[in-house]
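# Chain and residue survey
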Amino acid sequence: MITLTVNDTVHELDLDPRTSLLDALRDHLALTGTKKGCDHGQCGACTVLVNGRRINSCLTLAIMHEGDAVTTIEGLGTPEALHPMQASFLDHDGFQCGYCTPGQIVSALGMLDEFRAGWPSHVSESLDGGTELSDEEISERMSGNICRCSAYPNIVHAIRAARDERADKGESEERT
Amino acid sequence: MTTDANTYAMDEAVGETRLDRGTQGVLGKPLNRYEGALKVSGRAPYAYEHLAGEDVAYGFMVTAGIGRAKIRSVDTSKAEAAPGVLTVISGDDVLRASALPMAPAAQTIDGEVFHYGQPLALVVAETFEAARHAATLVETLYEPGQGRYSLRDQLDEAVNPGPGAMQPDNLRGEFEAVFAEAEVQFDETYTTPSHSAAAMEPHASVAKWDGDNLTVWSSCQLLETNVIQIANGVGVPVENVRLLSPYVGGGFGSKLGIGPDAVLAALGAKAAGKPVKVALSRQHVFQTTSRRSETIQRVRIGTTKEGRITALAHENFVVNSTGNSFFEPVAISTVFLYAGENRKITHRLAETDVLMTASVRAPGEAVGMLSLESAMDELAIRLDLDPIEFRKLNEPEVAPQDDLPFSSRKLLQCYEEGASRFGWQNRPEKPASRREGEWWIGSGMAAASRSHQLMKSSAEVELAPDGRATVRTAMTDIGTGSYTILQQITAEMLGLPPGHVTVLLGDTALPPSSGSGGSWGANSAGSSVYLACEDLVRELAKRLDVDPSDLTLKDGQAIAGNRQIPLGEILGGETLTGRGTIEPGKTAETTNQASYGAHFCEVAVNAVTGETRVRRLLTVAAAGRILNEKTATSQCYGGQIWGIGSALEEELVIDPRTGLLVNHDLAEYHVPVNADVPQLEVVFLEERDTAASLLAGKGLGELALAGVGAAITNAIYNACGVRVRDYPATLDKVLAGLPDA
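The rules behind these values
Residues numbered from 1 in each chain as written. Chains lettered and ligands numbered in written order. Predicted model: local features only at pLDDT ≥ 70, side-chain atom pairs only at ≥ 80, totals over all residues. Helix = DSSP H or I, 4+ residues; strand = E, 2+ residues; numbered from the N terminus. Rg over C-alpha atoms; globule rule 2.2 N^0.38 Å. Buried ≥ 20, exposed ≤ 12 C-beta atoms within 10 Å, placed from the backbone. Contact = placed C-beta atoms within 7 Å. Pairing = 2+ DSSP bridges. UniProt positions renumbered as here; feature names shortened; annotations may be inferred. Nonpolar A, V, L, I, M, F, W, Y, C, P; charged D, E, K, R; others polar. Axes fitted to C-alpha atoms, helices over the stretch in contact; angles between N-to-C directions. Parallel < 35°, antiparallel > 145°, perpendicular 65-115°, else oblique. Left-handed = near helix turned anticlockwise from the far one by under 90°. Domains from an automatic or database assignment. Core = buried A, V, L, I, M, F, W, Y, C linked by C-beta atoms within 7 Å.

Tallying secondary structure elements over chain A gives five helices and five strands in all. Helices and strands appear in chain A in the N-to-C order β-β-α-β-β-β-α-α-α-α. Taken over C-alpha atoms, the radius of gyration comes to 16 Å for chain A, in line with the 16 Å a tight globule of 176 residues would show. Structurally, chain A occupies a C-alpha span of about 45 × 35 × 30 Å along its principal axes. A burial count over chain A gives 55% of its 176 residues as buried.

The subject of this paragraph is the overall build of chain B. On a plain count of helices and strands, chain B comes out with 18 helices and 28 strands. At 27 Å, chain B has a C-alpha radius of gyration in line with the 27 Å of a compact globule built from 741 residues. Seen through its C-alpha atoms, chain B measures out along the principal axes to roughly 80 × 75 × 50 Å. For chain B, buried positions account for 62% of its 741 residues. When contacts within chain B are restricted to residue pairs at least 6 apart in sequence, those whose partners lie at least 24 apart make up 82%.

A separate point is the sheet that holds strand S3 (residues 69-75) of chain B. All names here are of chain B. Reading across from one edge, S5-S3-S7 is the order of the three strands in this open sheet, with antiparallel pairing throughout. Both outer strands of the open sheet, strand S5 (112-113) and strand S7 (139-144), are each paired with one neighbouring strand and no more. Direction of pairing for S3 relative to S5: antiparallel, over a ladder of two bridges. Looking at the pairing, alanine 69 lines up with valine 113 of S5.

Judged by how many residues are buried, helix H2 (residues 84-91) of chain A sits mostly within the fold: six of eight residues are covered. Three or more residues of H2(A) are buried, namely Met85(A), Gln86(A), Ala87(A), Ser88(A), Phe89(A) and Leu90(A). Summarising the contacts, the buried residues of H2(A) are in contact with helix H3 (101-116) and helix H5 (152-169) of chain A together with helix H2 (36-40) of chain B. Just past H2(A), the residue Asp93(A) takes up positive phi, approximately 50°.

Let's shift gears to unusual backbone geometry. Residues and elements named next belong to chain B. In the segment running from tyrosine 727 into proline 728, the intervening peptide bond is cis, with an omega of 0°. One non-glycine residue, methionine 102, lies in the positive phi region at around 70°. One can find methionine 102 in the loop between strand S4 (85-90) and S5. Of note in the backbone geometry, aspartate 545 takes a positive phi value of approximately 60° without being a glycine. Taking the number of C-beta atoms within 10 Å as the measure of exposure, aspartate 545 has 8 and is therefore exposed.

All names here are of chain B. In terms of burial, strand S6 (residues 119-125) is largely enclosed, as seven of its seven residues are buried. Here six bridges tie strand S2 (residues 57-63) to S6, and the two strands are oriented antiparallel to one another. When the bridges of S6 are listed, glycine 59 appears paired with valine 124. Sheet analysis places S4 next to S6, joined by five bridges and oriented antiparallel. Pairing of valine 88 across the sheet is with valine 123, part of S6.

Glancing now at the environment of Glu126(B). Among the structural elements, Glu126(B) can be located in the loop between S6 and helix H4 (128-135). When near neighbours in sequence (up to four residues on either side) are disregarded, Glu126(B) contacts Ala57(B), Gly84(B) and Leu86(B).

This part is about the UniProt feature "domain: Aldehyde oxidase/xanthine dehydrogenase a/b hammerhead" (unreviewed entry) in chain B. Per the UniProt record, "domain: Aldehyde oxidase/xanthine dehydrogenase a/b hammerhead" (unreviewed entry) is found at residues 41-146 of chain B. Across residues 41-146 of chain B one finds 12% helix and 33% strand; the C-alpha atoms that close the span lie 51 Å apart.

Turning our eyes to something else, we now look at the interface of chain B and chain A. Counting from both sides, the interface comprises 51 residues of chain B and, opposite them, 50 residues of chain A. Elements supplying a minimum of two residues to the side of chain B that touches chain A: H2, H4 and helix H16 (629-648) of chain B. The greatest single-element share of the side of chain B that touches chain A, amounting to seven residues, is contributed by H16(B). For the side of chain B that touches chain A, the class distribution of residues is 27 nonpolar, 15 polar and nine charged.

All right, on to the packing of H16(B) against helix H17 (residues 708-720) of chain B then. Residue and element names in this part refer to chain B. One can describe the packing of H16 onto H17 by two numbers: an axis separation of 7 Å at closest approach and a directional angle of 50°. As far as their axial angle goes, H17 and H16 are oblique. Note that H16 runs across H17; the crossing there is right-handed. Between H16 and H17, the contacting residues are Gly639, Gln640, Gly643, Ile644, Ser646, Ala647 and Leu648 on the first element and Val708, Gly709, Ile712 and Thr713 on the second. Class assignment for the residues of the contact of H16 with H17 results in five nonpolar, six polar and no charged.

Quick look at the domain arrangement of chain B now. Residues and elements named next belong to chain B. What the domain assignment lists for chain B is domain 1 (7-30 + 455-584), domain 2 (47-146 + 198-288) and domain 3 (295-453 + 590-735). Its C-alpha centre places domain 2 at a distance of 36 Å from the equivalent point of domain 3. Facing the 21 residues of domain 2 at the interface are 23 residues of domain 3. The class makeup of the residues in the side of domain 2 that touches domain 3 is nine nonpolar, ten polar and two charged.

Residue and element names in this part refer to chain A. You can read the domains of chain A as domain 1 (2-75) and domain 2 (84-169). Relative to domain 2, the C-alpha centre of domain 1 lies at a distance of 22 Å. Between domain 1 and domain 2, the residue contacts involve 15 residues of the former and 14 residues of the latter. Counting only elements with at least two residues in the side of domain 1 that touches domain 2, the list comes to strand S3 (47-50) and strand S4 (53-56). When residues in the side of domain 1 that touches domain 2 are grouped by element, the largest group, three residues, is from S3. Considered class by class, the residues forming the side of domain 1 that touches domain 2 number six nonpolar, six polar and three charged.

Further remarks concern the nonpolar core. Residues and elements named next belong to chain B. If you look at the biggest cluster of nonpolar residues, it comprises 297 residues, and the most contacted ones within it are Val123, Ile230, Ala266, Ala621, Ile712 and Ile716. Here this core gets ten residues from one element, more than from any other, and that element is helix H13 (residues 521-544). Aside from chain neighbours lying at most four places away, what touches valine 123 is Gly59, Phe60, Val62, Ala79, Val85, Val88, Ala131, Ala134, Ala135 and Val138.

Our next topic: the sheet that holds strand S25 (residues 576-584) of chain B. Residue and element names in this part refer to chain B. If you trace the five strands from one edge of the open sheet to the other, you get S1-S25-S19-S20-S21, paired in mixed fashion. Both outer strands of the open sheet, strand S1 (7-10) and strand S21 (501-504), are each paired with one neighbouring strand and no more. Sheet twist, expressed as the mean angle between neighbouring strand axes with direction ignored, is 20°. Pairing geometry for strand S20 (residues 469-472) and S21, over four bridges, is parallel. In the strand pairing of S21, arginine 472 is matched with leucine 504. Contacting strand S19 (457-463), S20 and S21, helix H12 (residues 482-494) runs over the sheet at an angle of about 140° to S21. Sheet strands in contact with H13 are S1, S19, S20 and S25, and its direction is about 140° off that of S25.

So, in structure tokens, the structure goes:
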């Protein structure tokens, strides 16, 4: 038996040790919002937050996450009460078929936290922070999430708008 | 009550309709996606996700590790004995690959291996992990055969495939003689590689039996033919099968026919005695569904020295696997895009022992216009003409193959609008003449065209006593915006706030629909919904004793003469159902129907590495009425980015020794990612094509891909003087021809 904490709910699960975190969510907890696009860490559709950091849930086994706090797309908002990032993807049409979308949204939140923590990217001018979150930075940092419908321009708009809105409100930079 | 069925064939142009009045003012507006809140919150269930939390079993496919062979034996005993395994499905009836679109059934393996990675069996187990492991325990013995894996080696055996999406041959005048005498002769050969659709949602199915009745949730584009393919594959009457695809995670042609998962899931569920879920792995998607043919294209154009085309030839070689007559209609746009009295367009189909080829987004144009539009650029430069001027000089007045009038064609306006917005006059005049740091800068353009099709489609619209409407049709939404535009059409026709319209799609229990493919979905399904609404309007008018044309519907009120009455009052507690069926008609034979556009692109080519970066990309499109500005723009972004992929990245590599599709995953088959894409611009020209559909719209989803890749390679030439005719234009090909520093 393992204990998984997903979206603040504690689950006791008896899992085959080969079960990935992704399959535990989809097949054993009926949390199908997290998607399987490749099962090899190549597409990003399975992105979840583990203790606030974005990871590919297909590349990690469920039994490795005893005691971790896992956040999935379902933990962010509901159709009736969307998280601001979800609402921004909706308003900016940051998706078409919607299959990569939960991964994009969760990844965007993880990415903004990484940026605020001063993590540089391949396109950053400096390794020591002080970088502006340009469109180029957003695109680079979101390139682990493939969208075959190719909603990329609107994904960038959606992330920028959600981030700007939060900045306007002067909200805490701590947690999304 | 129920009004009579209402069938309309598109035999003549429709003229002005209720949609043109814009009374409710919602059609065309950039509304958010109808199902968007469900998708962004992870609550829209895709195929595999049905029956979540229920007692189900899981299937995993076993595939062949050889390119061509007879199957001597498939030993499933070890797999069957493995922990958790419920059953193993194998035998002659396993499907070879996807079904060809609209075919009655998919091909079966019948004791042979027809391509590397072909399905052989399905292991069904209590858990996914147990099934995946046991799949490795199935032992297959082969009698190896001689495989044919290279198109180039099979050219002598290539045949005229017979009619497909177009006639394989379109001949007019005396091409050879006139070309031989032409003042300017252009003759180049282009090659394009195989492509994979690579939709983000892998093909997946959940099958559940209830006695002799089968319910399948699968990821499908064309439910009416997909349900027949499933029934035939399983061996049950089609009446016993219900197919549901409420949300589809991308299709791009790869889900026009069923994948091998649907039938295997059904057979597995029957044998296991419980519902079975089968999702193809990403590797299976690449190797067991379908792909786009590689092509070899020879383009010859003869002109006068002023640049008038007198002779035009586009001769093509494409492939498919044994028993598949589908051919990539490479030159489908060449037939009508440019003038020229002497014409020769041919397609020859060779056979290889590689995964079957079928439609991938914009079959034909996606690869055919890479060569045609590159050729037009090359020839313009040789003639010392601006590429736009050269195209304008050869703009036909009527369709050049059969002299049919164009139903609408704003190609020249697309050039003008695009050139002005892009700043085309400021482009570098000569290759390798503009430099920024270590980057060569250049611009290119290309024309876009895509044939328009209307397909038979039915819908019903119910108007409830509370004045709310429900649309029902077995149409699919594969990310295209079907839910949203059908909501908007209904809201506009019945004068309702969009929030008062419910849309139900993706279920064969609903009225049969065209489904999604060939950019026909919006106008076909949309016209059927239009007719169903018109049916309701007639009934409402009758009840008010007015002519339908004198009835105005707005905000849930009926307005006629000096009366204004809430719809609920007219209904008096009754529910009305309107029905509509659209069929293609004579306008498809009496006019040439197509959408048009123009692409303008600026690239930077690295003078050291040969890397190409797309810096700006503008598409101006004219596709009739735009039904939702937001979803239409998104579809065009998608097309533009697929164009970037085809120009610079995408190539499904076939091992000529084994037939293996070498790069069969998303790490090795390179599709564009966010960092490959600059901010894009899409502009729609105002247009109504009343011969194309009842909505006066034309197909859009594939138009924005047609020609983009050539605009990019034309820009590469303008930037650095390197002409790549062997797509994609990867660094190695550009590097080889770069000028010194």
